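Below, each chain spelled out in residue letters.
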Amino acid sequence: MKKKNLKILGIETTCDETSASVVEDGRIVLSNIIASQAKLHSKYGGIVPEVASRKHFEALPIVVDEALKEASININDLDAIAVSKEPGLPPALSVGYAYASGLALANDKELIEVNHLEAHISAIWISKNKENLKEIPYPYLCLLVSGGHTQLILVSKENNYKILGSTRDDAAGEAFDKTARLLNLGYPGGPVIDKISKSGDEHMIIFPRPMIDSTDFDFSFSGLKTAVRREVQKQKESNNKYKAHRELHNEISKNWISDIAASFQEAIIETLVVKTINAAEEIGVENIAMAGGVSANSRLREQLGRACDNMGYHLFYPDLEYCVDNAAMVAARGRELIKN
Ligand code: KG4
Ligand code: ZN
């Protein structure tokens, strides 16, 4: 039987967010501080690992301090420290791990090593609000969609994760980021494509739905990115025709970018939804979950929500603020793994 009111400090540095959080009983978020480096990396069009690790090193003491302050607790009152161990960018991970282990050693706390992808799944049941805590009944199928991973995972009981399928090339978030770069929309690409797609026509271009009908649970998104690149090239050539009429040219370009973004998003979301529902049917679960940065996508929430309603599945996903990388999910996963 685990102790009540257990407080864990989570530390997250797998990619470009430096985050620290205090979570009570693996569910109630007392603080969740995130220092994002996205702006810094956006000028390079993607993450530079060495820059990320240097920034983590600078930000960690400040972020941890703020997380403890906001949770109104002293480091001595912590029961343990949880840290993302893998997967992630090795230079970034090692900075967070070294910091967390030093802190645990100096303060005589248990150090819990957490898998970053399992932490993303734990984000589903955390909340700032005690009244808003979710419980997912086992077994459930989880669609894990982040910048580095796209997986279908069967969670049959606590600590029991079975990967049924993965991407064979680009991850869903990576496809969003690369497409945004092709369209000069900056980094990270997911949120901006999500936003501008709302004013675009998702039927304007019918992009391929890769592996949508395949009998396995794998994904592949690099062909979709190539199809977008081809479309961009075609558009550039035909746009040159309108250059003489600057106003008309600008209008066409603006509409075209939101149409292409919406068409790309529709292809990726439909693939994710169809494959998730097919997998749930095949393995015979009643509960479906999704997690990771791309689970913040409004079209994915809408379409997977609709499909689950139609087919009678219960759907669970994290509050928006816990979809992208954060330390609260790391502390929550730590609660499941704590030994002492
Ligand atoms: O989980 P995450 O923070 O980092 C990894 O573990 O990789 O996911 C980041 C990814 C990025 O690729 C970003 O573009 C994507 O999540 N993302 C989104 C949205 N918000 C973030 N993708 C689509 N729609 C969004 N609203
Ligand atoms: Zn992540």
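Structure report, in brief. Just so we're clear, the structure is a prediction, and the values are computed from it rather than from any experiment. (Residues numbered from 1 in each chain as written. Chains lettered and ligands numbered in written order. Predicted model: local features only at pLDDT ≥ 70, side-chain atom pairs only at ≥ 80, totals over all residues. Heavy atoms only, no water.)

**Overview of the sheet that holds strand E9 (residues 287-291)**
Pairing in this open sheet of five strands is mixed, and the strands run E8-E7-E6-E9-E10 from one edge to the other. In this open sheet, the two strands that pair with only one neighbour each are strand E8 (160-166) and strand E10 (314-316). Averaged over neighbouring strand pairs, the angle between their axes works out to 25 degrees when direction is ignored. Across five bridges, the pairing between strand E6 (residues 140-145) and E9 is parallel. Its bridge partner being in E9, Cys-142 is matched across the sheet by Ala-289. Strand contacts of helix H9 (residues 298-311): E6, E9 and E10, with the helix running at about 175 degrees to E9, the strand carrying the most contacts. (Pairing = 2+ DSSP bridges. Helix = DSSP H or I, 4+ residues; strand = E, 2+ residues; numbered from the N terminus. Axes fitted to C-alpha atoms, helices over the stretch in contact; angles between N-to-C directions. Contact = heavy atoms within 4.5 Å.)

**What to know about the pattern of salt bridges**
Scanning the model with the defined rule gives 21 salt bridges in all. Lys-85 is the salt-bridge partner of Glu-113, the closest N and O atoms lying 3.8 Å from each other. Taken together, the positions of Glu-113 in strand E5 (residues 110-115) and Lys-85 in strand E4 (residues 80-86) put the pair 28 residues apart, joining distant regions of the chain. The partly exposed category is assigned to Glu-113, whose relative accessible area is 39%. We note a salt bridge from Arg-333 to Glu-336, for which the minimum N-O separation is 2.7 Å. Of this pair, Arg-333 and Glu-336 both sit in helix H10 (residues 327-337), three residues apart, which is roughly one turn of that helix. (Salt bridge = Lys/Arg side-chain N within 4 Å of Asp/Glu carboxyl O. Buried < 20%, exposed > 50% of the residue type's maximum accessible area, 1.4 Å probe, protein only.)

**Side note on the packing of aromatic side chains**
In total, this model carries three aromatic pairs according to the counting rule given. Where Phe-176 meets Phe-264, the ring centres are 5.2 Å apart and the plane angle is 80 degrees; that geometry is what we call edge-to-face. One end of the pair, Phe-176, is in helix H5 (residues 172-182); the other, Phe-264, is in helix H8 (residues 246-283), with 88 residues separating them in the sequence. The exposure class of Phe-176 is buried, given its relative accessible area of 2%. Where Phe-219 meets Phe-221, the ring centres are 6.0 Å apart and the plane angle is 25 degrees; that geometry is what we call stacked. Phe-221 gets classed as buried once you look at its relative accessible area, which sits at 0%. (Phe/Tyr/Trp six-rings, centres within 6.5 Å; stacked < 30°, edge-to-face > 60°.)

**Looking at the nonpolar core**
Membership of the largest hydrophobic core comes to 41 residues, with the highest contact counts inside it found for Phe-207, Phe-264, Ile-268 and Leu-300. Only E6, strand E7 (150-157), H5, helix H7 (222-239), H8, E9 and H9 provide two or more residues apiece to this core. When residues of this core are assigned to their parent elements, the largest contribution, twelve residues, is made by H8. The residues touching Ile-268, leaving out its near neighbours within four places in the chain, are Ala-172, Ala-175, Phe-176, Phe-221 and Leu-224. Counting 31 residues, the second largest nonpolar core, distinct from the first, contains Ile-126, Ile-136, Ala-291 and Ala-332. (Core = buried A, V, L, I, M, F, W, Y, C linked by side-chain atoms within 4.5 Å.)

**Description of the side chain of Arg-333**
Given a relative accessible area of 2%, Arg-333 falls into the buried group. In this structure the side chain of Arg-333 is engaged in a polar contact, spanning 3.0 Å, whose partner is the side chain of Glu-118. Setting aside its immediate chain neighbours within four residues, Arg-333 contacts Val-114, Glu-118, Ala-119, Ser-122, Asn-159 and Tyr-161. (Polar contact = N/O pair within 3.5 Å; in protein donor to acceptor, adjacent residues only side chain to side chain.)

**Here's the deal with the coordination of the zinc ion (ligand 2)**
Around the zinc ion (ligand 2), the donor atoms from the protein are His-116 (NE2), His-120 (NE2) and Asp-325 (OD), and they sit 2.0 to 2.1 Å away. Around the zinc ion (ligand 2), the four donor atoms sit at angles spanning 98 to 130 degrees, and that spread fits a shape best called tetrahedral. Counting the intervening residues between successive donors of the zinc ion (ligand 2) yields the motif H-x3-H-x204-D. You can see His-120 sitting in helix H4 (residues 116-122) and its partner Asp-325 sitting in the loop between E10 and H10, a full 205 residues away along the chain. Take His-120 and Asp-325: they sit in the same class, and that class is buried. (Donors = N, O, S within 2.8 Å, 3.2 Å for Na, K, Ca; no water. Tetrahedral: all angles 85-135°; square planar, octahedral: opposite > 155°, others 65-115°.)

Any functional reading would require information beyond the geometric quantities listed.
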